[in-house]
Amino acid sequence: MPSTKVATGISYQQRDGRKGRYAIKVTIPGTGRQKVNLLTLPRSRANDKQASIKYAELLAQAEAGEFNSVADVAPDKLTVGRFLSDQWLPSGVWADRTRQTNQAMVKRVLTQPLGALALKKVGAADIDQYLNWRRSNTWHGKPIKEKSVKREFETLTAAFNKAVAYDHITVSPVAKATKPKVMQTPVLVPSKEAADEIRAKAKDTDDAFDCKQVLVELAYTTWGRAGELCALRWEDVDLDAGSVDINESVSQITGEQPKLKTPKSMAGIRIIKMGSELIDLLRRHLQAQQRRAEAAGVEHAGPKAYILAPEKRNGVPANFDSATGFTPGAVSQKFTKLKKGTKWAAEGCTLHSFRHYGASHMLNKGISVMDVSKRLGHRNPSVTLSIY
């Protein structure tokens, strides 16, 4: 690849059949390593000047130590922000939503004095100051809940414990910080009247390809979370045996494509028995999907087809093979529209409230906490007891 020197640290590479580019290189002090930045631009005086400006920026960043890895940083110079972004985040194996939450926290820390502090010099007061700043934030115009501050405290606890494990510090400053206190609020359990009404409304407003009744009845019977209901395919249902196998969940992260994930523990995998009404409803729903595919001249996806499958994209008929399922956000929106004007809405309940309704109903009938816990997919009964 022919290369022409433009200025110190800058060369222009002419590539066969492709656009040329500026290669801007600076040496990271004390390491011998180089930081390279490429600008794909045609060669001109104006672009030479732009490359020189970029070189100056990179040089300043290199001299400030921004390109050093954690291994290059002296122990007493390692900042909280650098440790969190370069060591703690890459070291974790988290579920998608947890990863996104942790990344958001690190971004917040980097904007605050805590992020610039030397890791070895952080005290409990610094943690308290950061948490108080967090309390002063708003989310969509509303104050941050103390529950969110507590979760951030717990995340900081895990992060600083990792710093102790890596021998960066001997004691975690979070251990002596003020732990946020959250009052346990009772869950909202829908009334039987509300449940009967919403089920009737779903049945009355359903049509051949609208999944409202199927969604409501699956939630009512299985107590499945929205993501678990969205992940159900026909291969997960045995209509002859009258059972549904919950073994996956749809994960929906902002800015990313939805994807299937397995439960965090084996307890999340469970087989639920269905009543005859739900079995008959699912048979009719499957037949409706198959007729729709046949009418469109496509083959139904069969066992791999999703039970809850949208019939439109951007208002246009699509997904005739039912090979694409709803996202948790989409079914929640569908249910929110359905519940308008009902007792379910008046009581402040959501799609998730079917879990609370089912669990409370079973516990009131004398069913053991162990059995209820298994049906909910909780890891152990103590989780169930902490909620109900």
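Everything that follows concerns the structure shown earlier in this document.
Residues numbered from 1 in each chain as written. Predicted model: local features only at pLDDT ≥ 70, side-chain atom pairs only at ≥ 80, totals over all residues. Heavy atoms only, no water.

## Description of the environment of Arg233
Turning to step 1, where the next piece is worked out: The topology assignment puts Arg233 in the loop between helix H9 (226–231) and strand E7 (237–238).
Turning to step 2, where the next piece is worked out: Placed 55 residues apart in sequence, Arg233 and Thr178 show a C-alpha to C-alpha distance of 47 Å.
Turning to step 3, where the next piece is worked out: Beyond its immediate sequence surroundings of up to four residues, Arg233 is in contact with Glu248, Leu260, Pro303, Lys304, Ala305, Tyr306 and Ile307. (Helix = DSSP H or I, 4+ residues; strand = E, 2+ residues; numbered from the N terminus. Contact = heavy atoms within 4.5 Å.)

## Section: the sheet that holds strand E1 (residues 3–7)
Turning to step 1, where the next piece is worked out: The strand order E1-E2-E3-E4 describes an open sheet built from 4 strands, whose pairing is antiparallel. Because the sheet does not close on itself, it has two edges, and the strands there are E1 and strand E4 (34–39). Averaged over all pairs of adjacent strands, the angle between their axes in this sheet comes to 25 degrees, without regard to strand direction.
Turning to step 2, where the next piece is worked out: Summarising the sheet, strand E3 (residues 21–27) and E4 pair through 6 bridges and their orientation is antiparallel. Counterpart to Ile24 in the pairing with E4 is Asn37.
Turning to step 3, where the next piece is worked out: Against the sheet, helix H1 (residues 45–63) touches E1, strand E2 (10–13), E3 and E4, its axis set at about 25 degrees to E3. (Pairing = 2+ DSSP bridges. Axes fitted to C-alpha atoms, helices over the stretch in contact; angles between N-to-C directions.)

## Topic: the packing of aromatic side chains
Turning to step 1, where the next piece is worked out: Applying the stated criterion across every chain, the model contains 7 aromatic pairs.
Turning to step 2, where the next piece is worked out: Plain terms: the ring middles of Tyr12 and Tyr22 are 4.8 Å apart, the flat faces sit at 70 degrees to each other, and that makes the pair edge-to-face. A residue pair is termed long-range when its members are at least 10 positions apart, and Tyr12 in strand E2 and Tyr22 in strand E3 qualify at 10 residues. When sorted by exposure, Tyr12 lands in the same class as Tyr22, which is buried.
Turning to step 3, where the next piece is worked out: Residues Phe335 and Phe354 carry aromatic rings whose centres are separated by 5.8 Å and whose planes lie at 70 degrees to one another, so their mutual orientation is edge-to-face. Here the residue Phe335 occupies a position in helix H11 (residues 328–339), and Phe354 occupies one in helix H13 (residues 353–364), the gap between them amounting to 19 residues. There is no split in this pair, since Phe335 and Phe354 are both buried.
Turning to step 4, where the next piece is worked out: For the cation-ring pair, Arg375 lies above Trp223, with the distance from its terminal atom to the ring centre recorded as 4.7 Å. (Phe/Tyr/Trp six-rings, centres within 6.5 Å; stacked < 30°, edge-to-face > 60°. Buried < 20%, exposed > 50% of the residue type's maximum accessible area, 1.4 Å probe, protein only. Lys NZ or Arg CZ within 6 Å of the ring centre and 35° of its normal.)

## Examining the nonpolar core
Turning to step 1, where the next piece is worked out: If you look at the biggest cluster of nonpolar residues, it comprises 40 residues, and the most contacted ones within it are Met274, Leu282, Ile307, Phe335, Trp344, Leu351 and Phe354.
Turning to step 2, where the next piece is worked out: If you list the elements that add at least two residues to this core, you get helix H7 (192–205), helix H8 (212–222), H9, strand E8 (243–246), helix H10 (276–296), H11 and H13.
Turning to step 3, where the next piece is worked out: In contact with Ile307, not counting residues within four places along its chain, are Cys211, Val214, Leu218, Leu232, Arg233, Trp234, Val237, Leu282, His285 and Gln289.
Turning to step 4, where the next piece is worked out: Counting 25 residues, the second-largest nonpolar core is a separate cluster that includes Ile144, Ala159, Phe160 and Val174. (Core = buried A, V, L, I, M, F, W, Y, C linked by side-chain atoms within 4.5 Å.)

## Details of the packing of H7 against H8
Turning to step 1, where the next piece is worked out: Here H7 crosses H8 at 155 degrees, and the two axes come no closer than 7 Å. For the element pair H7 / H8, the angle class is roughly antiparallel. For the pair H7 and H8, the sense of crossing is left-handed. Contacts between H7 and H8 involve Arg199, Ala202, Lys203 and Thr205 on the former and, on the latter, Lys212, Gln213, Val216, Glu217 and Tyr220.
Turning to step 2, where the next piece is worked out: Its residues placed into classes, the contact of H7 with H8 shows 3 nonpolar, 2 polar and 4 charged. (Parallel < 35°, antiparallel > 145°, perpendicular 65-115°, else oblique. Left-handed = near helix turned anticlockwise from the far one by under 90°. Nonpolar A, V, L, I, M, F, W, Y, C, P; charged D, E, K, R; others polar.)

Geometric values such as these leave the question of function open.
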